[in-house]
Amino acid sequence: MTQPLNVIMLGAPASGKGTQAERLARARGIPKISTGDILRDAAQAGAPLGLKAKALIDRGELVDDETMVGIVKERLQRPDTASGFILDGFPRTVAQAEALDRILNGRGPLIVVELWVPKEELTQRMEDRRVCSQCRSNADPEAPASDTCARCGGKMVTRADDGDATVRLHRLDVYSRESPPLLDFYRQRPAFRSISGAQSPDQVEADLMSAIESVQSPSVGVGSQGRAGRDQGPSAASERRMRP
Ligand SMILES: [Zn+2]
């Protein structure tokens, strides 16, 4: 069979990475692992760790590395991740990224995708973003606004951590501050791809699929052929153009 598909989705709040991670997970039959969802579940269940983490998230702060690494390590030990996984919301720091490399040692290649969206558009998107109160699906940005979840019929609500303007902007600031070192950590890797999230969700999905293909297919032919295949992906120059 094919190699496992291990993917990290990086991107600001409201960049669309959650939606794209869900689509990719469904298309490839692998779990989407959102650390935000895991922490919210833990908080809802009243677990002390979850409640502590939720308080931090509600203020727009990051949860500490040790807690996050522990959660992800435990999750990646479950058998449903054998064919791969999509991580959404982790790693957020270089220390977490280094820990993830240790956790994944020997588990196949890691594809890192950055979804890049200009800050003005992120702010605008946060005004409207809604999520299902039951299954936590993001509202489909292309579908007409509805109070009911298209997937499970649950009630659509504004995410608590998006609702307050101050928290909202703070989350963007936290991302702007925390992400450059993380992107620097991954950028030089051959399996790093940056794609524009400022497009329709379908176009982003298409770009995401070809980005993944451009990483995966070169490994079929080893060596110089692999390099040639890789050049068909987004060029370094176009990646730089998308940077702020
Ligand atoms: Zn739902």
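A brief report on the enclosed structure follows. (Residues numbered from 1 in each chain as written. Predicted model: local features only at pLDDT ≥ 70, side-chain atom pairs only at ≥ 80, totals over all residues.)

With an omega of -5°, the peptide bond between Phe90 and Pro91 qualifies as cis. Considering the arrangement of structural elements, one finds Pro91 in the loop between strand 3 (84-88) and helix 5 (94-104). A positive phi angle is found at Ala14, which is not glycine, with a value near 70°. Tracing the sequence through the fold places Ala14 in the loop between strand 1 (5-11) and helix 1 (17-28). (Helix = DSSP H or I, 4+ residues; strand = E, 2+ residues; numbered from the N terminus.)

Side-chain positions along a regular strand alternate between the two faces of the sheet. Burial within strand 1 is extensive, with 7 of its 7 residues counted as buried. Residues Leu5, Val7, Met9 and Gly11 point to one face of strand 1 and Asn6, Ile8 and Leu10 to the other, with burial holding for every one of them. With 5 bridges connecting them, strand 1 and strand 3 associate as parallel partners. If you follow Val7 over to strand 3, its bridge partner there is Ile86. (Buried ≥ 20, exposed ≤ 12 C-beta atoms within 10 Å, placed from the backbone. Pairing = 2+ DSSP bridges.)

Since the α-helix turns once every 3.6 residues, residues separated by three or four places project in the same direction. Along helix 5, the residues classified as buried are Gln96, Ala99 and Leu100. Burial along helix 5 is one-sided: seen end-on, the buried residues are contained in an arc of 105°. Every exposed residue of helix 5 that faces more than 90 degrees away from the buried side is listed here: Asp101 and Arg102. Looking at the buried residues of helix 5, the elements they touch are helix 4 (65-76). Of the residues flanking the end of helix 5, it is Gly106, one or two places downstream, whose phi is positive at about 85°. (Arc of directions from axis to C-beta. Contact = placed C-beta atoms within 7 Å.)

Turning to the nonpolar core, a few remarks are in order. Of all hydrophobic cores here, the largest spans 44 residues; its most connected members are Val7, Ile8, Met9, Ile86, Leu87, Val112 and Val113. Once residues within four sequence positions are removed from consideration, Ile8 is found in contact with Leu87, Leu110, Val112 and Val113. (Core = buried A, V, L, I, M, F, W, Y, C linked by C-beta atoms within 7 Å.)

Position of Gly84 among the secondary structure elements: in strand 3. With 22 C-beta atoms counted inside 10 Å, the residue Gly84 sits in the buried group. Residues Gly84 and Asn6 lie 78 residues apart in sequence; the distance between their C-alpha atoms is 4.8 Å. Non-local contacts of Gly84, meaning those with residues more than four positions away in its chain, are made with Pro4, Leu5, Asn6 and Ile30.

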